[in-house]
Amino acid sequence: MNLAVMLKQLSEGLIVSVEIFLLTLLFSLPLGLLVSFGRMSKNTIIRGLVKFYISIMRGTPLMLQLIVVYFAPYYVFGKNINGFRFPAVIIAFSINYAAYFAEIYRGGIESMPVGQYEAAEVLGFNRLQTFFRIIFPQVIKRILPSVTNETITLVKDTSLAFVLAEVEMFTMAKQIAAKQSSIMPLMVAGVFYFVFNAVVAMIMEGFEKKLSYYR
Amino acid sequence: MDNEILLEIKNMRKSFNDLEVLKDINLTVKRGEVISIIGPSGSGKSTLLRCATLLERMDSGCLKYLDSVAASMVDGSIRYSSKKELKKIRNYFGLVFQNFNLFPHYSVMRNITEAPIHTEGVPENEAKENARRLLKELGLSDKENAYPCELSGGQQQRVSIARALAKKPEVLFFDEPTSALDPELTSEVLKVIRRLAEEKMTMIIVTHEMQFAREVSDRIIFMENGLIQVEGTPDELFASDHARLKEFMGRLNA
Ligand SMILES: Nc1ncnc2c1ncn2[C@@H]1O[C@H](COP(=O)(O)OP(=O)(O)O)[C@@H](O)[C@H]1O
Ligand SMILES: [Mg+2]
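What you see is a predicted model; the values in this text were computed from it and never measured. (Residues numbered from 1 in each chain as written. Chains lettered and ligands numbered in written order. Predicted model: local features only at pLDDT ≥ 70, side-chain atom pairs only at ≥ 80, totals over all residues. Heavy atoms only, no water.)

Taking 1.5 Å as the rise per residue, helix 5 (residues 153-165) of chain B with 13 residues should run 18 Å; its terminal C-alpha atoms sit 18 Å apart, in good agreement. Helix 5 of chain B sits mainly inside the fold: 13 of its 13 residues count as buried. (Helix = DSSP H or I, 4+ residues; strand = E, 2+ residues; numbered from the N terminus. Expected span 1.5 Å × (residues − 1). Buried < 20%, exposed > 50% of the residue type's maximum accessible area, 1.4 Å probe, protein only.)

Right, here's the structure in full:
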């Protein structure tokens, strides 16, 4: 196998990694916001349940969560579902990252000065308007550095999808490495991850710059 | 209708846990009146304003704006009006905070127009036109595209006054509007408030600026320990021999 073939195969794996990455962000960012609302709920039952969920998500290995989600249909319906491999990966990643994002949102929301809420209230904004027009845009700016951190971790975490035999980049690299008895493909995969993360970091920096027009 | 009563507070009481902060406050404000509230720190001035602007719920008493009852006593316990009624009542007043509380992520223009557009449904063009007129009056014409962080404290406070005025309130409350400003910036904000007084804007101003209060007010209220201790025209107040008022004034002058 020559270098071109290897690169082509790794690129196919990279596409799967990018898919996992993007879909996870797409679902976990909004879900995390919802979870953070539950975490801050006045209702003690909701708050307790959400707190428990977050502690499970953060306190157990993502690898184990992937396996549990994958086998859940088997235990619930008594059978495996065809083609559930990829959805299982996305679900597990999304609910795991939602927990982390929820805590980040919560930190951001709780850091907002009460004066912003009061100014909005006196001006006649209702609760929803206050949150989405006044509070949330400022929260985004405050939490962006932490979100960047999580996002970069997510790039590397996509490799965990291998436990469900989802052929993302790392799995692909391992397979090629085994066939060729060389760690070269793994090194190349490492370079790919590095570049992937560099791009992600650049995009996030762009967001931060975009929001730097105010303090 | 020069004697129209805009705001009526009766027997307002408010405690935080065991601390009784307001003990039976009574206050009637007529259209066009300028009232200053003075008093030592912790006497309940902010709490009074916060209860009047619905940021804080009083424990008992009556609160009425024009013909709209915000809260009243029913069978010995306080009852606040419906959300809808309170929303309407919020349009009657504006509040200017000590630390401005501008929205940092919005331009000056949007700080002013956001509420009229989204809470009252004022068309954007109209809201902007009105905002430009206010900015001109307040000497901020060149700042409509600036962000709060690019402004001095005095400019920020003037923007927050414009933001409150944009809702065309019947009465405007100020809670120590110049306490966060150095003397130079203080005077530019006081100038704006003086101007509003000349235009017969109804205002209730918590302030430590005695000279300003004396010049601008129709009535001054001296609060201490959650009570209105002395109330009268500036001349009456400055001539009063109320011991604690004199002590308070003495401390300010010292
Ligand atoms: N949210 C609150 N919780 C508990 N105590 C409060 C609260 N707000 C004000 N207080 C207390 O009420 C008293 C009066 O406060 P405030 O109305 O701010 O006085 P002033 O504005 O005259 O300085 C103070 O002792 C203050 O500590
Ligand atoms: Mg105060």
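Text resumes after the structure shown.
Below, the discussion takes up the state of the cysteines. Residues and elements named next belong to chain B. For the structure on display, the rule yields zero disulfides over all chains. The thiol of Cys-51 is unpaired, and the distance to the nearest cysteine sulfur, on Cys-62, comes to 13 Å. Here Cys-62 falls in the partly exposed class, since its relative accessible area comes to 26%. (Disulfide = S-S within 2.5 Å.)

Bringing the nonpolar core into the picture now. The nonpolar side chains of a soluble globular protein tend to be buried, and buried together. Ranked by internal contacts, the top residues of the largest apolar core, which has 91 residues, are A:Leu10, A:Phe93, B:Ile9, B:Leu63, B:Tyr65, B:Phe173 and B:Ile204. Among the nonpolar cores identified, the runner-up in size contains 35 residues, and B:Val96, B:Val108, B:Ile112 and B:Leu185 belong to it. (Core = buried A, V, L, I, M, F, W, Y, C linked by side-chain atoms within 4.5 Å.)

All names here are of chain B. Read from one edge of the open sheet, six strands run 7-8-9-3-10-11, paired in mixed fashion. Strand pairing shows two members of the sheet lacking a second neighbour, strand 7 (93-96) and strand 11 (227-232), which therefore form its edges. On average, each strand axis in the sheet is tilted by 20 degrees relative to the strand beside it, whichever way the strands run. Note that strand 7 and strand 8 (residues 171-175) share four bridges and pair parallel. Counterpart to Gly-94 in the pairing with strand 8 is Leu-172. Along the sheet face, helix 5 touches strand 7 and strand 8 and points at about 170 degrees away from the line of strand 7. (Pairing = 2+ DSSP bridges. Axes fitted to C-alpha atoms, helices over the stretch in contact; angles between N-to-C directions. Contact = heavy atoms within 4.5 Å.)

Glancing now at the site of ligand 1. Residues and elements named next belong to chain B. The environment of ligand 1 is formed by Phe-16, Leu-19, Val-21, Pro-40, Ser-41, Gly-42, Ser-43, Gly-44, Lys-45, Ser-46 and Thr-47. Gly-42 has a polar backbone atom sitting 2.6 Å from an oxygen atom of ligand 1. For ligand 1, an oxygen atom lies 3.0 Å from a polar atom in the backbone of Gly-44. Burial of ligand 1 by the protein chains amounts to 60% of its free accessible area of 560 Å². Of all the secondary-structure elements, those providing two or more residues to the shell around ligand 1 are strand 2 (19-30) and helix 1 (45-52). At three residues, the largest contribution of residues to the shell around ligand 1 is made by helix 1. Here the residues of the shell around ligand 1 are counted per class, giving four nonpolar, six polar and one charged. (Near = heavy atom within 4 Å. Polar contact = N/O pair within 3.5 Å; in protein donor to acceptor, adjacent residues only side chain to side chain. Areas by Shrake-Rupley, 256 points an atom, 1.4 Å probe, with all protein chains shown as cover. Nonpolar A, V, L, I, M, F, W, Y, C, P; charged D, E, K, R; others polar.)

What follows is about the pairing of strand 8 of chain B. One face of the sheet, then the other: side chains in a regular strand alternate in exactly this way. Residue and element names in this part refer to chain B. The buried fraction of strand 8 is high, at five of five residues. Residue alternation in strand 8 divides its side chains into two sets, Val-171, Phe-173 and Asp-175 and Leu-172 and Phe-174, and both sets are buried. Relative to strand 9 (residues 202-206), strand 8 runs parallel, the two being bridged by five bridges. Bridge pairing in strand 9 links Phe-173 to Ile-204. Considered for its hand, the β-α-β crossover made up of strand 8, helix 6 (residues 183-198) and strand 9 is right-handed. (Right-handed = clockwise from strand over helix to strand, strands pointing away.)

Moving on: a nonpolar patch on the surface. All names here are of chain A. On the surface, Val-191, Phe-194, Val-195, Val-199, Ile-203 and Phe-207 cluster together to form a nonpolar patch covering roughly 580 Å² of accessible area. Along the chain, the position of Ile-203 falls in helix 8 (residues 184-210). Ile-203 gets classed as partly exposed once you look at its relative accessible area, which sits at 46%. (Patch = residues over 30% accessible without salt bridge, like charges linked within 9 Å, V, L, I, M, F, W, Y side chains within 5 Å. Salt bridge = Lys/Arg side-chain N within 4 Å of Asp/Glu carboxyl O.)

So, on to the pattern of salt bridges. Residue and element names in this part refer to chain B. On inspection of all chains with the given rule, the structure shows 25 salt bridges over all chains. In this structure, Glu-33 engages Arg-219 in a salt bridge whose closest nitrogen and oxygen atoms are separated by 3.0 Å. Taken together, the residues Glu-33 in the loop between strand 2 and strand 3 (34-38) and Arg-219 in strand 10 (residues 219-224) connect sequence positions 186 residues apart. A relative accessible area of 15% places Arg-219 in the buried class. Taking the shortest distance from any N to any O, the salt bridge between Arg-158 and Glu-188 comes out at 2.6 Å. Of the two residues, Arg-158 is situated in helix 5 and Glu-188 in helix 6; the sequence distance between them amounts to 30 residues.

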